[in-house]
Amino acid sequence: RHTRYWRDWSSDVCSSDLFSKNTRLLFCTFGILLRQLQSEGALDSVTHVVIDEVHERNLDGDILMGLLRESLKTVPHLKVILMSATLDADRFAAYWGNAPRMHIPGRTFPVEDFMLEDVLQKTKYNPPKRKRKQGGFNHRQNRRATAWNDSEKSDDEMGTEEGEDELHMDENTKNKKIAEPQVPLEERVKRVDQTSVDYYLLSFLVKYIVESNEQGSDGSILVFLQGVGEISQAKTVIGNIVKGMPIILLPLHGSLQPQEQRKVFRNAPGQVKVILSTN
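Below is a short write-up of the structure. (Residues numbered from 1 in each chain as written. Predicted model: local features only at pLDDT ≥ 70, side-chain atom pairs only at ≥ 80, totals over all residues. Heavy atoms only, no water.)

Regarding the overall build of the chain
Phase 1: Each helix and strand in the chain was counted, giving 11 helices and 5 strands.
Phase 2: A buried classification covers 28% of the 279 residues belonging to the chain.
Phase 3: Residue pairs at least 24 apart in sequence account for 68% of intrachain contacts in the chain once pairs closer than 6 positions are excluded.
Phase 4: For the chain, the accessible area works out to roughly 20,200 Å², and carbon and sulfur atoms hold 52% of it. (Helix = DSSP H or I, 4+ residues; strand = E, 2+ residues; numbered from the N terminus. Buried < 20%, exposed > 50% of the residue type's maximum accessible area, 1.4 Å probe, protein only. Contact = heavy atoms within 4.5 Å. Areas by Shrake-Rupley, 256 points an atom, 1.4 Å probe, with all protein chains shown as cover.)

Below is the structure:
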């Protein structure tokens, strides 16, 4: 029997009715496991701890591995399994006392990288000139100053402010943006503000990918965004730019109901799925 062990983000405490004496497997975050390890005898009934994606190296993960390495000295029945497709095997094996390794060959796929310059050239998009930043305290910029603010709720949910005008551009303004004389590539690269999402650049890129699909690929497009606010704005702008094209826009984030999340896996014959997702 598999019981999933979900984190209650509102209270940071997990309900005890999610597991019982019949439970064989718990899924939990690093933070939850660290909390459990604060209790004496927390590993008495645990035989294996599997840590996935160990190469990502975050604070909780590093502390967890340090505690588990010490626990192996006092909990003889415990086994720790580290998993990753891209880890530095030598380094991790040495840290765990020359731990044995198992390599499972997998299938790889060719990946072609395109940089910002490539995207601007292919889409012929002219980013708007940057506005001068006003002095004083910018609450939106400083709100994400630490990792603790990195949640699925984003600054854009606090109010659109600067982005409001762009989201409500009329058709004439959008056509003008596309038809204006082409600015030299070097200047266009300088115009791109990498501290915020340019929803029109994103929209023109999606449009270009779908229109240039000469081979008739039935693949989907996956876009990673910071939070629910950015997903909502991206959906609005992309929807306006690709209106009439065979594209279905699907948001994907933790606030959606499971049935809404599962829509990204459904077949969409004749349509390109564009999935706007948090990481």
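The rest of the description comes next.
What about helix H9 (residues 199-211)?
Phase 1: Its 13 residues give H9 an end-to-end C-alpha distance of 18 Å, which sits within 8% of 18 Å, the value for a rise of 1.5 Å per residue.
Phase 2: Among the residues of H9, those classed as buried are Tyr199, Tyr200, Leu201, Leu202, Ser203, Phe204, Val206 and Val210.
Phase 3: Of the residues that open H9, the one with a side-chain oxygen 3.1 Å from the backbone nitrogen of Tyr200 is Asp198. (Expected span 1.5 Å × (residues − 1). Polar contact = N/O pair within 3.5 Å; in protein donor to acceptor, adjacent residues only side chain to side chain.)

Regarding the pattern of salt bridges
Phase 1: As enumerated under the stated definition, the model contains 7 salt bridges in all.
Phase 2: Among the salt bridges present, the one from Glu186 reaches Lys190, with a minimum N-O distance of 3.8 Å. Here Lys190 and Glu186 lie together in helix H8 (residues 185-191), a separation of 4 residues that amounts to about one turn. For the residue pair Glu186 and Lys190, the accessibility class agrees, reading exposed in each case.
Phase 3: In this structure, Lys263 engages Glu260 in a salt bridge whose closest nitrogen and oxygen atoms are separated by 3.1 Å. (Salt bridge = Lys/Arg side-chain N within 4 Å of Asp/Glu carboxyl O.)

Everything listed here is a matter of coordinates, which is why it stays silent on function.
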